[in-house]
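# Results of the structural survey
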Amino acid sequence: MLPATSVAMRNGHGQVVRSLLTSASPFLASPRQTPSRFTSTKFPTSPSWQGRGYATTTNPNPPLGKKNASNDVPSRIALIGARGYTGQALIDLLNNHPYMDLCHVSSRELAGQELKGYDKRKIIYENLSPEDAIELDKSGKVDGWVLALPNGVAKPFVEAFDNAKSKSVIVDLSADYRFDDSWTYALPELTKRSAICQATRISNPGCYATGAQLTLAPMLEHLGGEPCIFGVSGYSGAGTRPSPNNDLNRLKDNLVAYSLTGHIHEREISRHLGTPVAFMPHVASWFRGIHLTVNIPLNKTMTSRDIRQIYQDRYAGEKLVKVVGEAPLVRSISGLHGVEIGGFAVDSTGKRVVVCSTIDNLNKGASTQCLQNMNLALGYAEYEGIPTM
Ligand SMILES: NC(=O)C1=CN([C@@H]2O[C@H](COP(=O)(O)OP(=O)(O)OC[C@H]3O[C@@H](n4cnc5c(N)ncnc54)[C@H](OP(=O)(O)O)[C@@H]3O)[C@@H](O)[C@H]2O)C=CC1
Ligand SMILES: CC(=O)N[C@@H](CCC(=O)OP(=O)(O)O)C(=O)O
């Protein structure tokens, strides 16, 4: 039975969800908005900002908490692009998820073979076409679809779902819908979480773009010029299809710069933060993990301690963002599910700070974030099934 102080409502895909009418309810909160779609925070009167000690929590978009979880019924998930790196990372997570169960995995190459590493039950890879997917969807046997396909390949699936007016939750891991306002671009620490709870078409942010936005968002109102982001990714970022960026002979003892202007994540970060950035990607010989070094011009003199406090306040309560003192190490984030942010080196003028961050591109850069979004959209607690940092 619902508590007297709760309201029942339907989310975007027809499921009944309940919202507790407490002051912490996301449906009652009205966080301040920056010109971008992300919530931001203001600090001018914060005691810590004035160097007088530590402020209380100022995270304007805190995690919703277990009390907002409305669904305790298992959901069936189908994964298209299951052979790939991100698909496999998601299978690992779903293997330990208390409510979500894989029901279909699709790969052209592995069709007919048994899925390995999924202990809940036996599943055989299929080669699902968009028409097959729609038939399954219409039969009501799938609650959520994940598209882990290369850029440019998801469209026939999405068109089929849209033409059939499917109410299932669809999460696309590619860049294809990150600039489409009819989709919800969902980076839970920055996107209004109550909006993700209502979404059925979810565009999962890119790996570099996730790390860079989490690194820059707390400083948006202190920007004194265009931030520059130097990024280095492990070669799993380039997927399984052979390319110069995952050619181990080329990468051996090497650091390779590519797409030095106009990388799609430069546009993605700029669009969703609402401010232009410069992004310079590189790839190296390790498998997974991204290091970002972000140079941020400031519009006033600031100290390293104040800036670190801003990050701690902004991410208070976030289980997948860890603010640390030193610059984090990419080796240490490999296999973990969050982002580490540190460094906070301010130059002698006090008007430039360099912040470093690390993220596992296959986890928080893709599959973990996908699971956060599916948890929210399907009515589960956001961190369900996710090992937190
Ligand atoms: N790798 C990363 O770090 C990140 C990747 N992403 C994005 O996630 C998506 C998946 O990436 P990733 O897992 O690395 O990619 P992979 O190259 O590792 O895997 C791609 C998957 O798609 C399938 N596939 C490829 N071409 C087609 C096609 N034409 N039709 C149907 N299926 C196809 C492949 O299986 P099969 O050929 O057997 O059908 C495979 O399962 C990409 O859009 C990528 O940009 C996002 C964040 C991070
Ligand atoms: C090393 C490497 O090649 N990395 C990929 C990152 C791909 C990714 O995660 O982003 P999308 O989802 O936007 O494709 C690249 O730079 O294209």
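Because the structure is predicted, anything quoted here is derived from the model rather than measured. (Residues numbered from 1 in each chain as written. Chains lettered and ligands numbered in written order. Predicted model: local features only at pLDDT ≥ 70, side-chain atom pairs only at ≥ 80, totals over all residues. Heavy atoms only, no water.)

### Structural notes on the overall build of the protein chain
Here is the rule we go by: In this text, helices come from DSSP runs of H or I with a minimum length of four residues, and strands from runs of E with a minimum of two, each type numbered from the N-terminal end. We call two residues in contact whenever any of their non-hydrogen atoms come within 4.5 Å of each other. Only the protein chains shown count as cover for residues, and the accessible areas themselves come from Shrake-Rupley with a 1.4 Å probe.
Within the protein chain, the secondary structure is distributed over 10 helices and 15 strands. Contacts in the protein chain between residues far apart in sequence, at least 24 positions, make up 70% of those at least 6 positions apart. Total accessible area on the protein chain is roughly 16,400 Å²; 52% of this is exposed by carbon and sulfur atoms.

### Quick word on the packing of helix α1 (residues 85-95) against helix α10 (residues 363-378)
Note the following rule: Axis angles are defined between N-to-C directions and span 0 to 180 degrees, where every axis is a line fitted to C-alpha atoms and, for a helix, only to the segment in contact. Roughly parallel covers angles under 35 degrees, roughly antiparallel covers those over 145, roughly perpendicular covers 65 to 115, and oblique covers all other angles. By convention the crossing between two helices is left-handed if the near helix lies anticlockwise of the far one by an angle smaller than a right angle, and right-handed if it lies clockwise. Residue polarity is assigned by list, with Asp, Glu, Lys and Arg as charged and Ala, Val, Leu, Ile, Met, Phe, Trp, Tyr, Cys and Pro as nonpolar; anything else, Gly included, falls into the polar class.
The geometry of α1 relative to α10 is characterised by a closest axis approach of 9 Å and an angle of 45° between their N-to-C directions. With respect to their mutual orientation, α1 and α10 come out oblique. Two packed elements cross with a definite hand, and for α1 against α10 that hand is right-handed. Taken together, the residues of α10 that come into contact with α1 (itself represented by Thr86, Ala89, Leu90, Leu93 and Leu94) are Asn363, Ala366, Ser367, Thr368, Cys370 and Leu371. Tallied by class, the residues present in the contact of α1 with α10 amount to 7 nonpolar, 4 polar and no charged.

### Overview of the site of ligand 2
Stated precisely, the cut-off is as follows: We call a residue near a given molecule or strand whenever any one of its heavy atoms falls within 4 Å of it. Polar contacts, as counted here, are pairs of nitrogen or oxygen atoms within 3.5 Å of one another; within protein the pair requires one atom able to donate a hydrogen and one able to accept it, and residues that are adjacent in sequence qualify only if both atoms are side-chain atoms.
What surrounds ligand 2 is a group of 14 residues, the closest being Arg178, Cys207, Tyr258, His263 and His265. Here histidine 263 contributes a side-chain N or O atom positioned 2.7 Å from an oxygen atom of ligand 2. Between ligand 2 and histidine 265, the relevant distance is 2.5 Å, taken from an oxygen atom to a side-chain nitrogen or oxygen of the residue. Its residues assigned to classes, the shell around ligand 2 shows 7 nonpolar, 6 polar and 1 charged.

### Quick notes on the site of ligand 1
Taken together, 26 residues lie near ligand 1, and Arg83, Thr86, Ser107, Leu149 and Asn361 sit nearest. Interatomic distance of 3.0 Å between a backbone N/O atom of serine 236 and a nitrogen atom of ligand 1. Protein chains shield 85% of the accessible area of ligand 1, which is 880 Å² for the free molecule. Mapped onto the shell around ligand 1, the elements with two or more residues apiece are α1 and α10.

### Some details on the sheet that holds strand β6 (residues 169-172)
Rules: Two strands make a pair as long as DSSP finds a minimum of two bridges between them.
Here 6 strands make up an open sheet; going across it, the order is β4-β3-β5-β6-β8-β7 and the pairing parallel. Because the sheet does not close on itself, it has two edges, and the strands there are β4 (100-106) and β7 (184-185). Sheet analysis places β7 next to strand β8 (residues 201-203), joined by 2 bridges and oriented parallel. Along β8, the bridge assignment pairs tyrosine 185 with serine 203.

### Quick look at the sheet that holds strand β11 (residues 278-284)
Strand order in the open sheet made by the 7 strands is β10-β11-β9-β12-β15-β14-β13, with mixed pairing throughout. For this open sheet the edge positions go to β10 (255-257) and β13 (321-323), each flanked by a neighbour on one side alone. When the angles between neighbouring strand axes are averaged without regard to direction, this sheet yields 20°. Here 6 bridges tie strand β9 (residues 228-233) to strand β12 (residues 290-297), and the two strands are oriented antiparallel to one another. Of the residues in β12, the one forming a bridge with phenylalanine 230 is threonine 293.

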